[in-house]
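Descriptive structure summary
Here is what each chain is made of, one letter per residue.
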Amino acid sequence: MPPPPPKAAGLGAALAATGTAQALATLAVFALPILVAQAAPDFGVAKTAIGYQVGLVYLLAAITAGWGAGLLAALGPLRTTQLALLAAGGGVALLASGSLAWAVPASALLGAAYGLTNPAASQLLGRLAPAERRNLVFAVKQMGVPLGVAFGGLVLPRLAEASSWRVAMWATALLLAGFALALQPFRAGWD
């Protein structure tokens, strides 16, 4: 029998976990656009080409959100969130290569990851939040989107200046993987 989840594994913990996952997934999606001035020369493209990468990410996110229900039913919301965070980390790590050949599969991973975060959070929070507080709960979780972009905009350029844009991308990938692993103790109670 698996150990019981931590005592604080209620709505507050779920909201913190899903909001943070949303922020980190958003950080992953916007890491390259934030660092495009430094990264574009290594990719051998103009800075304006970032639009294609962002478009591919969002196209895959839309597709994944549509078929993610099967994965969610098979794995549960927390394992799906962990998978999404690891996929996003993998996408960011591949982008850190600076290779245009790896940019397409990396962007596909980012899109797939981003498309899984909302359905997983919706399932978990919908189960835990009282009906009269669901709007507030989902609004708080969704604050992860601007927080992820703001965090990236504040931290990644400074990290890139201090080291390189690739180091900033690797740090992002490690942050995503670390949070995915940190969620593991909650899995038994939430999946």
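Data block above holds the structure.
Attention in this report is confined to the structure presented alongside it. This is a predicted model, so every value here is computed, not measured.

**What about the packing of helix 4 (residues 77-95) against helix 8 (residues 165-182)?**
Where helix 4 contacts helix 8, the two axes come as close as 8 Å, and the packing angle between them is 165°. Considering the angle they form, helix 4 stands roughly antiparallel to helix 8. Between helix 4 and helix 8 lies a crossing whose hand is left-handed. In this structure, helix 4 contributes Gln-82, Leu-85, Leu-86, Ala-88, Gly-89, Val-92, Ala-93 and Leu-95 to the contact, and helix 8 contributes Trp-165, Met-169, Trp-170, Thr-172, Ala-173, Leu-176, Ala-177, Phe-179 and Ala-180. Residue classes in the contact of helix 4 with helix 8 are distributed as 14 nonpolar, three polar and no charged.

**A few points about the packing of aromatic side chains**
Under the defined criterion, the tally for this structure stands at three aromatic pairs. Ring geometry for Phe-43 versus Trp-165: centroids 5.7 Å apart, planes at 40°, classification tilted. Here the residue Phe-43 occupies a position in helix 2 (residues 36-43), and Trp-165 occupies one in helix 8, the gap between them amounting to 122 residues. Since its relative accessible area comes to 9%, Phe-43 is described here as buried. Relative accessible area serves as the criterion here: at 5%, Trp-165 is assigned to the buried category.

**A closer look at the pattern of salt bridges**
Here the structure, examined in full by the defined rule, presents two salt bridges. The partner of Asp-42 in a salt bridge is Arg-166, with the nearest N and O atoms 3.2 Å apart. Here the residue Asp-42 occupies a position in helix 2, and Arg-166 occupies one in helix 8, the gap between them amounting to 124 residues. Taking relative accessible area as the criterion, Asp-42 reaches 38% and is therefore assigned partly exposed. Salt-bridge contacts for Arg-187 lead to Asp-191; the nearest nitrogen and oxygen are separated by 2.9 Å.

**Some details on the environment of Val-29**
Here Val-29 lies in helix 1 (residues 11-34). Separated by 161 residues in the primary sequence, Val-29 and Trp-190 place their C-alpha atoms 26 Å from one another. Beyond its immediate chain neighbours, meaning those up to four positions away, Val-29 contacts Val-57, Tyr-58, Leu-110 and Tyr-114.

**A closer look at the nonpolar core**
Counting residues in hydrophobic clusters, the biggest one holds 53 residues, and the most contacted among them are Leu-32, Leu-85, Leu-95, Trp-165, Met-169 and Trp-190. Looking at which element gives the most residues to this core, the answer is helix 1, with 13 residues.

**Thoughts on a nonpolar patch on the surface**
On the surface, Leu-136, Val-140, Met-143 and Leu-147 cluster together to form a nonpolar patch covering roughly 380 Å² of accessible area. Mapped onto the secondary structure, Val-140 falls in helix 6 (residues 134-142).

**Overview of the side chain of Ser-107**
With respect to the helices, strands and loops of the structure, Ser-107 is situated in helix 5 (residues 100-128). Here Ser-107 falls in the buried class, since its relative accessible area comes to 1%.

**Digging into the environment of Gln-22**
Checked against the element boundaries, Gln-22 lands in helix 1. C-alpha of Gln-22 to C-alpha of Ala-93: the two residues are 71 residues apart in sequence and 18 Å apart in space. Other than its neighbours up to four places away in sequence, Gln-22 contacts Tyr-114, Thr-117, Asn-118, Lys-141, Gln-142, Gly-144 and Val-145.

Thresholds, definitions, all that
- Residues numbered from 1 in each chain as written.
- Predicted model: local features only at pLDDT ≥ 70, side-chain atom pairs only at ≥ 80, totals over all residues.
- Heavy atoms only, no water.
- Axes fitted to C-alpha atoms, helices over the stretch in contact; angles between N-to-C directions.
- Helix = DSSP H or I, 4+ residues; strand = E, 2+ residues; numbered from the N terminus.
- Parallel < 35°, antiparallel > 145°, perpendicular 65-115°, else oblique.
- Left-handed = near helix turned anticlockwise from the far one by under 90°.
- Contact = heavy atoms within 4.5 Å.
- Nonpolar A, V, L, I, M, F, W, Y, C, P; charged D, E, K, R; others polar.
- Phe/Tyr/Trp six-rings, centres within 6.5 Å; stacked < 30°, edge-to-face > 60°.
- Buried < 20%, exposed > 50% of the residue type's maximum accessible area, 1.4 Å probe, protein only.
- Salt bridge = Lys/Arg side-chain N within 4 Å of Asp/Glu carboxyl O.
- Core = buried A, V, L, I, M, F, W, Y, C linked by side-chain atoms within 4.5 Å.
- Patch = residues over 30% accessible without salt bridge, like charges linked within 9 Å, V, L, I, M, F, W, Y side chains within 5 Å.
- Areas by Shrake-Rupley, 256 points an atom, 1.4 Å probe, with all protein chains shown as cover.

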